[in-house]
Amino acid sequence: MKEIYGVIGDPIEHSLSPVMHNAVFKELNMDAIYLAFRVPREKVKEAIVGAKSLGFSGLNVTIPLKEEAIKFVKPDELAKEIGAINTIDFSEDPPRGYNTDGIGAKRALEEEIGEVKGKNVLMLGAGGAAKAIAFYLKKEGAKLIIANRTEERGEELAKRLNAEYIRLENVKSRLKEADVLINATSVGMFPDDNATLVTADMMHPELVVFDIVYNPLETRLMREAKKAGVKCIIDGVKMLVYQGAVAFKIWTGKEAPVETMERAVREALLKEKQK
Ligand code: ATR
C-alpha cells in the first residue's frame, strides 16, 4: 500500500516540504506520497491522532505548531530538552517525536563557516525553530545572544541555555561584536516578504548572515546583508534540506539524496519567483 507522509502547519500553502520529499520518493522509486495540511493550533491533537488512525507513516510539523505538537507524541531526549518537535514517526505506538531543525541549521552553518565554537552568535527569535537552533549552538560552544519580540519567551529560553537575552531595540548595538546573525523568526516570510528586523546600517562587513526563512529564496534580510557587503550570506534552503534529510532517515532508515532535495526546492522557488 502507498505510504503517506505530510506536513502540518498554519499557514502551509507555501511549504516546499511536499516538493522536496516527493522528489526523493520519485528518485528512490518509493510508492509514497507527501502532502501539506493546514491545521489550526487547537486541532493539533486531532490531526496527530487522525493521521495515526489513517495509517500515515510520518509527519513534519511546522509554524506555529512545533511546541504544541510535542504534547501528543513520545519525544526523544533531544526533542524533550528543546521542548518542540518537527518530525513524527508513526511506526511505533505511541508515535515518536523528534526535532531535526537544530542539526539541519548546524550543518547549513558549519558547511559555510566551519566550527561555531567560540563564535559570537546573535539569534533573532525564541519560537520552536529558534529553540532547536539555540540548543545546538550552545552545545557546540558558541557564545549566544538571543533577541526576541516577546521578552518573557526570549528570557526564558536564554535562562534555560545560560545565554544572554536582549530586546530587539538593542540588536543594533550588540551586532557590532557579533560574528554571526541568525534570523530564526518568521519575519520576512512570504507573503510579508518586505519585512526585516535588521537593516544594512546595523551590519558590519565581517558578519555572517543566516536566514532560516526560505520563501522567498532571497529575503529582505539577505538583500540588506548584500547591501552591507557582509562576508557570507546563507539562505534557508540548506537548513530545510538537511532537517528534511534527517527526518527521512528517521522514517525510512535510508540516507536521503540531499542534492535531489536541494535541486527540487530551488527549482520550485525559482518557478514561484517567475510567476
Ligand atoms: P516556529 O515554531 O516555526 O519557530 P513560532 O514558535 O511561532 O514559530 O515562532 C516565531 C518566532 O518569530 C517568534 O520568536 C516570534 O516572536 P514572539 O515570540 O514575540 O512571538 C517571531 N516573530 C514572528 N513575527 C514577528 C514580528 N512581526 N516581529 C518580531 N518577531 C516576530
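### Digging into the layout of surface pockets
1) Next: Estimates place the volume of the largest pocket at around 1200 Å³.
2) Next: Thr62, Ile63, Thr185, Ser186 and Met189 are the residues nearest the centre of the largest pocket, which is lined by 44 residues in total.
3) Next: Contributing elements (two or more residues each) for the lining of the largest pocket: strand 3 (58-61), helix 3 (66-69), helix 6 (128-139) and helix 10 (237-252).
4) Next: Here the lining of the largest pocket takes three residues from helix 10, the largest share from any one element.
5) Next: The residue makeup of the lining of the largest pocket, split by class, is 21 nonpolar, 16 polar and seven charged.
6) Next: Looking at the second largest pocket, its volume works out to about 250 Å³.
7) Next: Residue lining of the second largest pocket: Phe190, Asp193, Asn194, Asn215, Pro216, Leu217, Glu218, Arg223, Leu269, Leu270, Glu272 and Lys273, and that is the complete set.

### Some words on the sheet that holds strand 12 (residues 232-234)
1) Next: Pairing is parallel across the open sheet formed by six strands, whose spatial order is 9-8-7-10-11-12. Of all the strands in the sheet, just strand 9 (164-166) and strand 12 have a single pairing partner and so form its edges. The mean angle between the axes of side-by-side strands here comes to 20 degrees, regardless of whether they run parallel or antiparallel.
2) Next: Pairing of strand 7 (residues 120-124) with strand 10 (residues 180-183) involves four bridges; the strand directions are parallel. Bridge assignment links Val121 to a residue of strand 10, and that residue is Val180.
3) Next: Relative to the sheet, helix 6 contacts strand 7, strand 8 (143-147) and strand 10, its axis offset from that of strand 7 by approximately 170 degrees.

### What about the nonpolar core?
1) Next: Of all hydrophobic cores here, the largest spans 61 residues; its most connected members are Met123, Ile133, Leu137, Ile182 and Phe210.
2) Next: Top contributing element to this core by residue count: helix 10, with ten residues.
3) Next: Residues in contact with Ile133, not counting those within four places in the same chain, are Gly102, Ala105, Met123, Ile182, Ala184, Ile212 and Met239.
4) Next: Core analysis: the next-biggest nonpolar cluster, separate from the first, contains 17 residues, Ala147, Ile166, Met203 and Val209 among them.

### Examining empty space enclosed by the protein
1) Next: Enumeration according to the criterion identifies two cavities of 30 Å³ or more in this entry.
2) Next: Put simply, the largest cavity is a space of about 80 Å³.
3) Next: Taken together, Gly102, Ala105, Lys106, Leu109, Val116, Ile133, Tyr136, Leu137, Glu140, Ile182 and Phe210 make up the full set of residues lining the largest cavity.
4) Next: Here the element with the most residues in the lining of the largest cavity is helix 5 (residues 101-113); it accounts for four residues.
5) Next: Of the residues belonging to the lining of the largest cavity, the class tally is eight nonpolar, one polar and two charged.
6) Next: What the second largest cavity holds in volume is close to 40 Å³.

### Quick word on helix 11 (residues 258-274)
Spacing of three or four residues puts side chains on the same side of an α-helix, whose turn is 3.6 residues.
1) Next: Over its 17 residues, helix 11 runs 24 Å from end to end, which matches the ideal 24 Å to within 8%, given 1.5 Å per residue.
2) Next: Along helix 11, the residues classified as buried are Thr260, Met261, Glu262, Ala264, Val265, Ala268 and Leu269.
3) Next: Buried positions along helix 11 lie against helix 1 (17-27) and helix 10.

### Looking at the site of the ligand
1) Next: Taken together, 17 residues sit near the ligand, with Ile63, Asn148, Arg149, Thr150 and Arg153 positioned nearest.
2) Next: Contacts to the ligand include Ala129, whose backbone N or O atom sits 2.9 Å from an oxygen atom.
3) Next: Its free accessible area being 640 Å², the ligand has 81% of it covered by the protein chains.
4) Next: Structurally, the ligand is housed in the largest pocket.
5) Next: Counting only elements with at least two residues in the shell around the ligand, the list comes to helix 3 and helix 6.

### A look at the sheet that holds strand 1 (residues 3-9)
1) Next: In spatial order, the strands read 2-1-3-5-6-4; together these six strands make up an open sheet with mixed pairing. Sheet topology places strand 2 (32-38) and strand 4 (74-75) at the edges, where each strand pairs with a single neighbour.
2) Next: Here strand 5 (residues 87-89) pairs with strand 6 (residues 96-98) via three bridges, running antiparallel. The partner of Ile88 across the bridge, within strand 6, is Gly97.

Cut-offs and rules
Residues numbered from 1 in each chain as written. Predicted model: local features only at pLDDT ≥ 70, side-chain atom pairs only at ≥ 80, totals over all residues. Heavy atoms only, no water. 1 Å grid on protein atoms, 1.4 Å probe; cavity = no way out; pocket = protein on both sides within 12 Å on 5 of 7 lines; lining within 4 Å. Points joined across faces, edges and corners; volume = space filled by probe spheres on them. Helix = DSSP H or I, 4+ residues; strand = E, 2+ residues; numbered from the N terminus. Nonpolar A, V, L, I, M, F, W, Y, C, P; charged D, E, K, R; others polar. Pairing = 2+ DSSP bridges. Axes fitted to C-alpha atoms, helices over the stretch in contact; angles between N-to-C directions. Contact = heavy atoms within 4.5 Å. Core = buried A, V, L, I, M, F, W, Y, C linked by side-chain atoms within 4.5 Å. Buried < 20%, exposed > 50% of the residue type's maximum accessible area, 1.4 Å probe, protein only. Expected span 1.5 Å × (residues − 1). Near = heavy atom within 4 Å. Polar contact = N/O pair within 3.5 Å; in protein donor to acceptor, adjacent residues only side chain to side chain. Areas by Shrake-Rupley, 256 points an atom, 1.4 Å probe, with all protein chains shown as cover. Sits in = over half its atoms within 2 Å of the grid points.

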